[in-house]
Structure formats: structure tokens, C-alpha cells
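# Topology and contacts: notes
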Amino acid sequence: MSANTPDTQAAAGVFAAVDIGASSGRVILGRTGPDGLALETVHRFPNGVREVDGVLRWNLPGIFEEVLTGLTLAAARAAAGGERIVSIGIDTWAVDYGLLHADGALAALPHSYRDGRTEAVVPLVHRKLSEERLYEVTGLQHLPFNTLYQLASEPNLDGMQALLIPDLLAFWLTGERRTEQTNASTTGLFDAVAGEWATEFLAELGLPDNLFPDLIAPGQTVGGLLPAVVERTGLPAGTPVVAVGSHDTASAVAAVPALEPGFAYVSSGTWSLAGIELSHPVLTEASRRANFTNERGVDSTIRYLRNVGGLWLLSESMRTWAEAGLDIELPDLLAAAELLPPGGPQIDADSDAFIAPGNMPARIRSAVAADGGILPEEPAAVTRCILDSLAAAYARTLAGAAELSGQRIDTVHIVGGGSQNALLCRLTAEATGLEVVAGPVEATALGNVLVQARAAGAVSGSLADLRRLVAQSTETITYRPETSCPPAAGESPTMRALSSHSRADSAAS
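If you're wondering where the values come from, they're calculated on a predicted model, not measured in any experiment.

## Considering the packing of aromatic side chains
This structure, assessed with the given rule, holds nine aromatic pairs. An angle of 40 degrees between the planes, with centres 6.4 Å apart, marks the rings of Trp58 and Tyr113 as tilted. Of the two residues, Trp58 sits in the loop between strand E5 (55-57) and helix H2 (60-80) while Tyr113 sits in the loop between strand E7 (97-100) and helix H3 (122-128), which places them 55 residues apart along the sequence. Tyr113 matches Trp58 in its accessibility class, with the two residues each being buried. Relative to Phe145, the ring of Tyr113 has its centre 5.2 Å away and its plane inclined at 50 degrees; by these criteria the two rings are tilted. One end of the pair, Tyr113, is in the loop between E7 and H3; the other, Phe145, is in the loop between helix H4 (131-138) and helix H5 (147-152), with 32 residues separating them in the sequence. Accessibility expressed as a relative area gives 6% for Phe145, which makes it buried. Aromatic rings pair up to connect Trp58, Trp93, Tyr113, Phe145 and Trp271 into one cluster. Seen from the ring of Trp312, Arg114 lies directly overhead, with NZ or CZ sitting 3.8 Å from the centre.

Encoded structure:
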């Protein structure tokens, strides 16, 4: 059976994708058919950290309530169309976790990675496990909020078990405790070569050897819905929760619409994750010094990438401007930023100084000033600085990935919310000197649905087959490095590039 020829029985069903990011969450129905894939969002809800007694935490019980609401709506929508929900898949951000008592009760609201609690424990961890040794085993990029540092800051883990955020939501749906591999690989406690827990690290850090549940791979079943969930949602008894690439980036990369090898990707959202796909990790000292990470992807691939600053810089800036009483619409802001001349000041978008919430424009101007530059206060100037800095960071990161891995890069795919930002895509093409293919926006949900659909037999094949299905089902926009004359006065360079691209497409058809 080919990747775009669903099994007749499975085609009668739909797949529920629970896709939760750091600022919002959604429950989406995914349908497979002879013409490809289709997504329908049935519930959308806000998300964000909250400060509780001076600590940044996630309201995970509140998130779960929204998930149940979304699944209830999904069940009703499917039933109204004479369809059945075949399975449910969950993806979220990585690193964070909830601690459970032996009886399964949540010990406290989960900490957010944006909380600064790990700063003091990082050097204490490195006294027991050097950075070199950690990388030799885990291949994980050093970030101060990696899970092992968070766990090292916990005052007492006796009798506790840790479930990463998507695994915790799956536990509340099914009563089954598992740890999905792609997210496990972000903890700093996962062996990048063996694909198993690095149990010796747990022992050396004094962490319980059963701190995490057993591992499960994308495509395997976590368990069926609990009776209380069935009663609440109206879903059929026994509806399975299927493990997907539960780290949202793993699902997004699985849905990159690349038709040939030699592609790089940027999953662009709150964070940007820029890299390439490999069959084996790169665990060299040069890779460690460059702070590249080797995280698991779907089908045991390696996502060789770096976390790069993301559109959090812009969203947090817009929040600050709104609090100051400025009424700014994003399209107008981007249009004004695009008309500014190139060559303006840039910042290190990866700096830890930009992780926490707060007055982002002030921090950006301070960073520019520290480098001897001057950044005007106008929002358009700050926005152009952010996007120039992100594009430059993408270019540096991808060049480093190619050099350290020996893999050639011919095309850059930008997926996720950032693929809608035409200015960012154009600047990335300029900075990399490569063709940039933007889209799909919903790559994470598509990857989530595809893994479920393949597990159910609705589609089949390798990752390359799944990507061909995405390519035939979604629209993308291609940006090429500018080589022609400057735009006419008042004409947006990106609009000119898109108009030219559209004309070329029309002429070719």
C-alpha cells in the first residue's frame, strides 16, 4: 500500500492530535484520504507560565481540562460526520516534567524551563558529571534548563516518578506511565547511541533508578482511555492513545515536505530549532564545543540541531509595547521593518538574557549598546533587529551543522509559525545563500497525525513516503536569495519576490 492510498477501513476514521506549545494549545482532527491530508482545528486555548509564590509554573491540570474539552468537541464533530476517532496523539514542548507520588497524585504544578531555579545547580552537576562525559553519552546541547539540571534542583525525589509533559497528559488519559523516546532524548539522561536511559547518570547524580517510566517509541500504543475520560468526552471505550513524536519538534521534522536528501530545517516558533536529519549522532568534541544536540526523531533518526532564539523575542516585545499603550498590528509592524535598510545592529538571539519574560525591547537595546551599537526605540527598528539576528543565527547554525556532520545542505525548509513571516524567510534566504521553502505552518500537527495514521494502517512507508504525502497535501512558498535590482520605492522586497515567484509559477503551468 502506497503512502497516499489509505486502507479503506482506516480511511473512515479520523485522528485526534493534541498539539500544545508554550503559548497556546489545540486539539485537531486529521483526516487521510486519496488526495492527501486535511486538518481541522476543533478547539484552541491559550497557554503560558504563571508565577506561583515567586516560581514560574505550568497550570497543567488546567491544560488537561482544555484537552478534555477539545476531545469532547472532536468526538462530537466526528460523530456528526459519521466518522470515528481512531486514536489520539499528544505533542508538547520538551524538558519540563511533573512529579507524581506513588499513588499517581501530582506533587505540585510543574516548573517552567523559563524559571531561573537551575542556575546554582549547573556547576554542582558538572562536578559529578563533566560536560565532556555528558556529551559523550547523551550528545545533548547544554542548556541551563535541561531536565537533569531541573531534577538536580529538586529538594526531595524519594518515592517520586517524573513524567515529561506529554507523557503526563497521556497518563491522565489512560492510567499508563510511559516515556516517549523523542522527548526522553532531551532530558540529558538518555544514551544517544543505545537509545536507552543512561542509568549510570541517574546513579551518579543520586537520582532514583526508577525515576522515569519505561520508554516507548513513536507509533506504539500507550494505552486505552480510562472509563472516566470516555464518559467525559463521549469517545468510544478503548480508544487508544498512540505515542507520536511527543517532542513537538520531532513531529514537525517528520512533516518537513522535503522530496530529496540534502535538506535542512528550521522549526520556527517560540523557539527556533535549526538543523539536519542524520542516521547516527555526532558526538565529537568539536560538536560539543559548538553546542549542537543529538535528539531522537521519528523512526530512530537523529535531529542534529541547535536551539536558537525564536519568535518569543518578538511576541514578548509586542506584549511589552501593548502594556505601554501602543496599538501595534503585526502585519503593519513587519511591513515597516521590511522597509528599513539592511546592515542594522544585531544581537545574539541565543543569549540566556532573553529567556525570561520581561521588557524585551529594553534588553535588546541594552545588548546592542553593550556591543557599541545604537538601536532606536521605534518598534519597527527593534523588530528588524530581531529578524536580522534570527536569520543570521539560522545561517551560522546550519553552516555549523553541515561542517560538523559532513552533510551537504541544498535547501532550507522553514516550518511552523515562522514560515508565515515572509520577512524572516527572505532574510534567511539572504543570510544562508540558499533556497528557502516556507511551510507548512501546521507541520507539528501533520507529523502527529501521520505517525498515528501509519500505526493504524491508514498510510504506510518510510519517513520519505510520509514527507511526499505532506508535499502533495500542503502549499509552500519558495524564497531565493535576492540577485536582482532593488525594489521600487515603497515596494516591499518580499512582496516583489513573491510576485515574481507567482509569475514564474504561472508561466510554467
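## Overview of the nonpolar core
Counting residues in hydrophobic clusters, the biggest one holds 78 residues, and the most contacted among them are Leu71 and Leu173. Not counting residues up to four positions away in its chain, the partners in contact with Leu173 are Phe64, Leu68, Leu71, Ile90, Gly224, Leu225, Leu226, Val229 and Val241. The next biggest cluster of nonpolar side chains, apart from the first, holds 48 residues, and it includes Tyr135, Ala264, Trp321 and Val436.

## Some remarks on the packing of helix H14 (residues 360-370) against helix H15 (residues 379-405)
Closest axis-to-axis distance for the H14/H15 pair is 11 Å, and the angle between their directions is 70 degrees. Taken together, the axes of H14 and H15 lie roughly perpendicular to each other. Every pair of crossing elements has a handedness; the one defined by H14 and H15 is left-handed. Residue-level inspection shows Pro361, Ile364, Arg365 and Val368 of H14 in contact with H15, the latter providing Val382, Cys385 and Ile386. Each residue belonging to the contact of H14 with H15 can be placed in one class, and the counts come to six nonpolar, no polar and one charged.

## With respect to the pairing of strand E17 (residues 411-415)
Counting buried positions along E17 yields five of five residues, so the element is predominantly enclosed. On E17, burial covers both faces: Thr411, His413 and Val415 on one face and Val412 and Ile414 on the other are all buried. Bridge count between strand E13 (residues 263-268) and E17: five bridges; the pairing is parallel. Among the inter-strand pairings, Ala264 is bridged to a residue of E17, identified as Val412. The sheet contact formed by E17 and strand E18 (residues 435-438) spans four bridges and is parallel. The residue bridging Val412 from the neighbouring strand is Val436, located in E18. After leaving E17, the chain enters helix H16 (residues 422-432) and then returns to the sheet as E18, a path that is right-handed.

Definitions and limits used
- Residues numbered from 1 in each chain as written.
- Predicted model: local features only at pLDDT ≥ 70, side-chain atom pairs only at ≥ 80, totals over all residues.
- Heavy atoms only, no water.
- Phe/Tyr/Trp six-rings, centres within 6.5 Å; stacked < 30°, edge-to-face > 60°.
- Helix = DSSP H or I, 4+ residues; strand = E, 2+ residues; numbered from the N terminus.
- Buried < 20%, exposed > 50% of the residue type's maximum accessible area, 1.4 Å probe, protein only.
- Lys NZ or Arg CZ within 6 Å of the ring centre and 35° of its normal.
- Core = buried A, V, L, I, M, F, W, Y, C linked by side-chain atoms within 4.5 Å.
- Contact = heavy atoms within 4.5 Å.
- Axes fitted to C-alpha atoms, helices over the stretch in contact; angles between N-to-C directions.
- Parallel < 35°, antiparallel > 145°, perpendicular 65-115°, else oblique.
- Left-handed = near helix turned anticlockwise from the far one by under 90°.
- Nonpolar A, V, L, I, M, F, W, Y, C, P; charged D, E, K, R; others polar.
- Pairing = 2+ DSSP bridges.
- Right-handed = clockwise from strand over helix to strand, strands pointing away.

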